[in-house]
Amino acid sequence: MQDHFYRPQSLLSVGLRGKCPRCGEGQLFEGFLGTKKHCRVCNLDLAFADSGDGPAVFIILIVGCIVGALFLYVELSYQPPYWVHAILWLPTILVLSLGLLRPFKAVMIALQYQNQAREGRLDLDEHQDG
């Protein structure tokens, strides 16, 4: 099916729901972070969906800023023992990281689809001198 038969999907909606970037109905993920081979609703080939380390980098930066700021606030305000910090921040880091990773990956894949980003390739036939 052609892309122009589908209305553009909201990046936020696709990301939060983990849906196909073309139709917005089919599931994007197989398991926690693995992408399906194709959408079962619109049959979009999801082979292009390679977000790489992009979502993880964003998550590291965002969670690091949030937890770092909260850590400093708690330390400067209450000066608790180190074990309190461990009890507070280790689960917080784990929950925030795992909770944000899947939606960020879905948004990155939707951005790839929306901008038609593909792996770089060389077309040697056009550039060869005869």
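Read on for an overview of the structure. Model, not experiment: these values are computed from the prediction. (Residues numbered from 1 in each chain as written. Predicted model: local features only at pLDDT ≥ 70, side-chain atom pairs only at ≥ 80, totals over all residues. Heavy atoms only, no water.)

What follows is about the overall build of the chain. When helices and strands are counted, the chain shows four helices and two strands. The secondary structure elements of the chain, listed N-terminal to C-terminal, are α-β-β-α-α-α. The 130 residues of the chain split such that 29% are buried. Pairs at least 24 residues apart make up 50% of the contacts formed inside the chain by residues separated by at least 6 positions. Summed over all atoms, the accessible surface of the chain reaches about 9300 Å², with 61% contributed by carbon and sulfur. (Helix = DSSP H or I, 4+ residues; strand = E, 2+ residues; numbered from the N terminus. Buried < 20%, exposed > 50% of the residue type's maximum accessible area, 1.4 Å probe, protein only. Contact = heavy atoms within 4.5 Å. Areas by Shrake-Rupley, 256 points an atom, 1.4 Å probe, with all protein chains shown as cover.)

Another point: the nonpolar core. Ranked by size, the top nonpolar core spans 13 residues in total, and within it Cys20, Leu28, Cys39, Cys42, Leu44 and Phe48 carry the most contacts. With three residues, helix H3 (residues 82-114) is the single largest residue contributor to this core. In this structure Leu44 touches Cys20, Pro21, Arg22, Lys37, His38, Cys39 and Tyr113, once residues within four positions along its chain are discounted. Among the nonpolar cores identified, the runner-up in size contains six residues, and Ile59, Val63, Val67 and Leu101 belong to it. (Core = buried A, V, L, I, M, F, W, Y, C linked by side-chain atoms within 4.5 Å.)

With phi around 65°, Asn43 is a residue other than glycine that occupies positive phi space. For Asn43, the location among the structural elements is in the loop between strand S2 (34-35) and helix H2 (54-78). For Gln116, which is not glycine, the phi dihedral falls at a positive 55°. Here Gln116 shows up in the loop between H3 and helix H4 (124-127). We classify Gln116 as exposed; its relative accessible area is 61%.

Worth remembering: the numbers are spatial, not functional.
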